[in-house]
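# Per-entry structural report
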Amino acid sequence: MASHAAVDLPQKAACLGASPLPRPARFVPRRAARKAACSASGASRTQKAAVSSGVAAKAAATEAPSANSAASDQGDYSACATTFTTWLIKQEQLGIIDSEFAVVLSSIALACKQIASLVGRAGISNLTGLAGEENVQGEAQKKLDVVSNTVFSNCLRSTGRTGIIASEEEEFPVFVEETYSGNYVVVFDPLDGSSNIDAGISVGSIFGAYLPSEECSMEDAEDGETLLNNCVLNVCQPGNMLKAAGYCLYSTSTVLVLSVGNGVFGFTLDPLIGEFVMSHPYMQVPESGKIYSFNEGNYDMWDDDVKAYINSLKDPDKWGGKPYSSRYIGALVGDFHRTMLYGGIYGYPGATNAPNGKLRLLYECAPMSFLAEQAGGMGSTGKERVLDIDPTAVHQRVPLFIGSKKEVEYLESFTMGK
Ligand code: AHG
Ligand code: MN
Ligand code: MN
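Residues numbered from 1 in each chain as written. Chains lettered and ligands numbered in written order. Predicted model: local features only at pLDDT ≥ 70, side-chain atom pairs only at ≥ 80, totals over all residues. Heavy atoms only, no water.

Near ligand 1 there are 18 residues, and of these Asp192, Gly193, Tyr328, Tyr346 and Tyr348 occur at the shortest range. Contact distances for ligand 1 include 2.7 Å between an oxygen atom and a side-chain N or O atom of Asp192. In this structure, Ser194 approaches ligand 1 through a main-chain N or O atom, which is 3.2 Å from an oxygen atom. Burial of ligand 1 by the surrounding chains reaches 86%, relative to a free accessible area of 460 Å². Ranked by the residues each element gives to the shell around ligand 1, the list is headed by strand β5 (residues 184–192), at three residues. Looking at the shell around ligand 1, its residues break down into seven nonpolar, four polar and seven charged. (Near = heavy atom within 4 Å. Polar contact = N/O pair within 3.5 Å; in protein donor to acceptor, adjacent residues only side chain to side chain. Areas by Shrake-Rupley, 256 points an atom, 1.4 Å probe, with all protein chains shown as cover. Helix = DSSP H or I, 4+ residues; strand = E, 2+ residues; numbered from the N terminus. Nonpolar A, V, L, I, M, F, W, Y, C, P; charged D, E, K, R; others polar.)

Shown next as C-alpha cells:
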C-alpha cells in the first residue's frame, strides 16, 4: 500500500479536512479500482454530450407548454398525473439526463419518501431526541440525523451508479465500493433543520449531484489508497458544475423540488399512491418579495453593512408605510421553500463569532443557489455568486443570501457598495 507521501494530491487536498485520507476501512483493491476507472471515464464522455446546456435549454422551451397544461388538468380524473417517475423518463427521452442519472435521482426520491415516513412517526417510534454523538462539526446529532443519513446512503449505494457520497453527517467523503456504472458524485444534508424535529416543525433534505471530475485520474491510481485520495477530491466542485440539485420538504405535505438544469419542478407526495406527483411545474421565484428570513438574534454580531440593510427593511417610511415582514423557521429547507413561492430573501450572514456564517457550501448553499438561479433568483455570499466558489473543504461554511433577484441585489448594494 502506498505511503501518504507518495500520493500526489492537487491543491484541493485540503478538501479532505484535517487528514488527507478517508477511513481506511473503505479502501478498495486495485482490480476494483481499474474497473471503476473504466466506467467513470465512459460515463463522463456520454454525460457531457447528453447534458450540454444547449440541449437543456432547447428541451426546456419544448417542454414548457405540455407541463403547464398538465397542471391545468386538476380535477380531470381521466388524466394520468405526471409523477416524478414519468417526468424522469421524459427528461431522459429529451436527452437532458441519461438513464444512469435517472436511476440516481430516483433513488434520492425513494430516500426522501422513507425519511418523510420516519419524520412523520418520530414522536411515536422513539426517534426524537439526541443520538448521543457529535458530528465532525461539533453539532449534537439527533437520532433522525443519523437514521436519515443511513437511509440516504443506502438508497444511493443500492443504485450502483454513485461513486462518491459526501454528507453533513460524515467526516470524509465515502467511496462507494458497490458502484459499477455512472460513478456520480452526490452531496447531501440528510436532515436539515433537525433542531425542529421534537416540536413537529418543518424539516427537509438537501442534495446535489455532480459528474466525476476530470481531476479524478483513476486511470493513474497505483492502488486503492491513491484511488480514494484522488476520487474524494471530486466532491470539492463549484456549484456551477452541478448536474442536479434539490430538496425535499417534510411539512404539512412532503414536497420534492429539483432541477436538472432546465428549470425547477416541484412534486408533492400523494400518500394514497405513494408517488411524488407534479404540483409545481417550472417554479419561478418572484422577482421581489417583502419578507426577510434571518436569525435576528445574531444582529449585534453582524457586520455594519448587514445591520444597515436589515434596518432599512424595517423602516416604514422607506416602504410606503409598510415595512418588510420577518419570517424565520430555523430550517433552511422550509425558509427557502417559502421564499421560492412567496418571494423575499433568506440570509445567514457571517458574524463576529462565525465569520463565514453557519451554512455549509457543498450540501446547503450551492444546491439551494443552483435552484434559486434556475428559478430566476440569486444566491450570493454578499460578496460573490455562491455557484462560483471553488470549495476548499467538504464542510466549508459561507455566508448565504438567497431568494428573489431584486432582494438579493438590494442586499448586495449594502455589502458590495453597488
Ligand atoms: P442542520 O439541521 O442540517 O444542521 O441545519 C441547520 C441550519 C439550517 O437549516 C437553518 O437555516 C439554520 O441552521 C438555523 O440556524 P440557527 O438556529 O442558528 O438560526
Ligand atoms: Mn442543514
Ligand atoms: Mn442536517
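Continuing now.
On to the coordination of the manganese ion (ligand 3). Ligation of the manganese ion (ligand 3) by protein atoms is provided by Glu168 (OE), Asp189 (OD) and Leu191 (O), these donors lying 2.1 to 2.2 Å from the ion. Mapped onto the sequence, the donors of the manganese ion (ligand 3) take the spacing E-x20-D-x1-L. Between the manganese ion (ligand 3) and the manganese ion (ligand 2) the interatomic distance amounts to 3.8 Å, and Asp189 serves as a bridging ligand to the pair. Placement of the pair is Glu168 in the loop between β3 (162–167) and β4 (174–175) and Asp189 in strand β5, with a sequence separation of 21 residues. Glu168 sits in the buried class, given a relative accessible area of 5%. (Donors = N, O, S within 2.8 Å, 3.2 Å for Na, K, Ca; no water. Buried < 20%, exposed > 50% of the residue type's maximum accessible area, 1.4 Å probe, protein only.)

Moving on, we come to the packing of helix α8 (residues 332–342) against helix α9 (residues 361–374). Look at α8 against α9: their axes get within 12 Å of each other, and the N-to-C directions meet at 15°. Taken together, the axis directions place α8 and α9 in an arrangement best described as roughly parallel. Here α8 and α9 pass one another in a crossing that is right-handed. On α9, the residues that touch Leu332, Val333, Phe336 and Met340 of α8 are Glu364, Met368, Leu371 and Ala372. Partitioning the contact of α8 with α9 into residue classes produces seven nonpolar, no polar and one charged. (Axes fitted to C-alpha atoms, helices over the stretch in contact; angles between N-to-C directions. Parallel < 35°, antiparallel > 145°, perpendicular 65-115°, else oblique. Left-handed = near helix turned anticlockwise from the far one by under 90°. Contact = heavy atoms within 4.5 Å.)

Right, let's get into the side chain of Asn298. By the secondary structure assignment, Asn298 is in the loop between β11 (291–293) and α7 (304–313). Classification of Asn298 by relative accessible area gives buried; the value is 17%. Reaching out from Asn298, the side chain makes a polar contact with the side chain of Tyr348 at a distance of 3.4 Å.

A few words on the coordination of the manganese ion (ligand 2). Those donors, Asp189 (OD), Asp192 (OD) and Glu364 (OE), are the protein atoms that reach the manganese ion (ligand 2), and they lie 1.9 to 2.2 Å from it. Relative accessible area serves as the criterion here: at 6%, Asp192 is assigned to the buried category.

According to the stated counting rule, one finds eleven salt bridges in the structure shown. Residues Lys142 and Asp198 are paired through a salt bridge, measuring 3.4 Å at the closest nitrogen-oxygen approach. Residue Lys142 is located in strand β2 (residues 140–142), and its partner Asp198 is located in the loop between β5 and β6 (203–210); the two are separated by 56 residues in the primary sequence. Of the charged contacts, one joins Arg385 and Glu373 as a salt bridge, the two residues approaching to 2.8 Å between their closest N and O atoms. Taken as a pair, Arg385 in the loop between β14 (378–380) and β15 (400–403) and Glu373 in helix α9 lie far apart in primary sequence, twelve residues in all. We classify Arg385 as partly exposed; its relative accessible area is 33%. Among the ionic contacts, a cluster of salt bridges with common partners joins Glu139, Glu168, Arg360 and Glu364. (Salt bridge = Lys/Arg side-chain N within 4 Å of Asp/Glu carboxyl O.)

Turning next to the pairing of β3. In terms of burial, β3 is a largely internal element, six of the six residues being buried. As paired strands, β3 and β4 are joined by two bridges and run antiparallel to one another. Following the sheet pairing, Ile165 is matched in β4 by Val174. As consecutive antiparallel partners, β3 and β4 are separated by six residues. (Pairing = 2+ DSSP bridges.)

All quantities given are derived from atomic positions and should not be read as evidence of function.
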